[in-house]
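# A look at the structure
Here is what each chain is made of, one letter per residue.
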Amino acid sequence: MTRSVFALILHHMPLTPRRPGFVIWIAALVFAWPVAAVASAKPSRPNIVLIISDDQGYGDSSANWKTDLLTPVMDGIARAGIRFTQFRVNPLCAPTCASVMTGLYSVESGMWRGPSNSAGEPDDDAGKKKAPKAAKGRKAAKAAAKAAKGTSEPSEPTNERRIRDEFKLLPEYLKAAGYATGAFGKWHLGADAKSVPNARGFDEFFGFLGGAHPYWIANNSRLQHNGKPFRETGGHTTDLFADRAIAFIKANKDRPFFCYLPFNAVHGPLHRSDAPKNSAKPEWLEFYEKRGVPWPRRDYNAVMSHAVRRTGDILATLRELGMEKNTLVRRQDGATRSLLVLGPLWIRGSAPWRLEDGGRNRQSPWSFRQGGEGCGSRDVRTLQFEG
């Protein structure tokens, strides 16, 4: 029997508050997927591959317009699929991923910006843990008075940033439906015991919990595998995450699986004038040097093209395993926060000014193929969920 494959490549899905449309949509595909193989009388649950690029801008894809950043894999998907040309996104990492995993607006899920750093894992861009702010003034006096009285009154609600326990994540639903679930890359949805990937529906997790991580693996690595530190050094995060995802797909080819691959590309740290250290692999830097791309843009392009190439390896793996038929592929460029790319975010003095490219996102593309054929190139401006 031919297995179905549902491949999603995106960055986030903001939907109506308290209406988890994305989760409902996925559930409909999983439980009401059309019969994949004409020769089989039984419907086949689709496998799901969800690939995210981090901080990639609308303008940083040759599928959208002429640019010095080449993205041939995205272009190929776009030519065979549907592009959502008016899609809007959160211009931050964690709120974006929270929307993907819950189907809610990020403010409704509880993740209105990066997760609170109360669990010991750095979540800011610099990878440095920030100490929690101490209560001051009337709040401090009130807390001290309660402590002195030994009061048992409930404490005031905190402004903790984490996905609230009342909301299930997509992998939790899929695991309950019998799926093998694996995540490989950047998590950034909390590091407390209730929020880590293995507590939120993933059977396997390899990656890091915070908001940023060096691309080259050294002794200061914060990578982990199912909660245990990953001690090996050497290699590049893009390759480690893609290789682990491919191994997961191969290991679970005979059962339905959900493979979540959130690359940290093309989030910082990247080459900049005050820290001229390259994050890209030499062969990709050489590629863009020959094309005349200057620093620091060269490092950005090289890191992104590397991730695009590894995305192609994921799709090639699906083809090799006979899983390409009845494949739904959705590509969305990332939530933009990069300081190095003109368009997604411009810097004026010391303050960031978010332009349209920081919130606009051409979902390029969403492609449905059945029997190995695509639906053709189409642009869609509106999409409405009802019910």
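Described in the following lines is the structure provided in the data block. (Residues numbered from 1 in each chain as written. Predicted model: local features only at pLDDT ≥ 70, side-chain atom pairs only at ≥ 80, totals over all residues. Heavy atoms only, no water.)

## A word on the overall build of the protein chain
A count of helical and extended segments in the protein chain gives nine helices and 13 strands. Each of the 387 residues in the protein chain was classed as buried or not, and the buried ones make up 54%. Residue pairs at least 24 apart in sequence account for 71% of intrachain contacts in the protein chain once pairs closer than 6 positions are excluded. If you sum the accessible surface of the protein chain, you get close to 18,100 Å²; carbon and sulfur atoms cover 53% of it. (Helix = DSSP H or I, 4+ residues; strand = E, 2+ residues; numbered from the N terminus. Buried < 20%, exposed > 50% of the residue type's maximum accessible area, 1.4 Å probe, protein only. Contact = heavy atoms within 4.5 Å. Areas by Shrake-Rupley, 256 points an atom, 1.4 Å probe, with all protein chains shown as cover.)

## Regarding the nonpolar core
In terms of nonpolar packing, the biggest core is built from 42 residues, with Val49, Leu223, Phe257, Cys259, Leu261 and Ile314 touching the most fellow members. Of all the secondary structure elements, the ones that give two or more residues to this core are strand E2 (47–52), helix H2 (72–79), strand E4 (180–186), strand E5 (204–208), helix H7 (237–251), strand E8 (257–262), helix H8 (282–290) and helix H9 (297–320). Tallying contributions element by element places H9 first for this core, with nine residues. With residues near it in sequence (within four places) discarded, Ile314 still touches Val49, Ile51, Ala242, Ala245, Ile246, Ile249 and Leu261. Core analysis: the next-biggest nonpolar cluster, separate from the first, contains 26 residues, Ile52, Cys97, Leu189 and Val196 among them. (Core = buried A, V, L, I, M, F, W, Y, C linked by side-chain atoms within 4.5 Å.)

## A few points about the packing of aromatic side chains
With the rule as written, the count across this model stands at eleven aromatic pairs. Here Trp187 and Phe202 contribute two aromatic rings whose centre-to-centre distance is 6.0 Å and whose plane-to-plane angle is 90 degrees, an arrangement assigned as edge-to-face. Taken together, the residues Trp187 in the loop between E4 and E5 and Phe202 in the loop between E4 and E5 connect sequence positions 15 residues apart. Each member of the pair Trp187 and Phe202 is classed as buried. Taken together, a centroid distance of 5.9 Å and an interplanar angle of 15 degrees make the contact between Phe202 and Tyr260 stacked. Remark: Tyr260 occurs in strand E8 and Phe202 occurs in the loop between E4 and E5; sequence separation between them is 58 residues. With respect to burial, Phe202 and Tyr260 carry one shared label: buried. Site record: aromatic cluster; members linked through ring pairs are Trp187, Phe202, Phe258 and Tyr260. (Phe/Tyr/Trp six-rings, centres within 6.5 Å; stacked < 30°, edge-to-face > 60°.)

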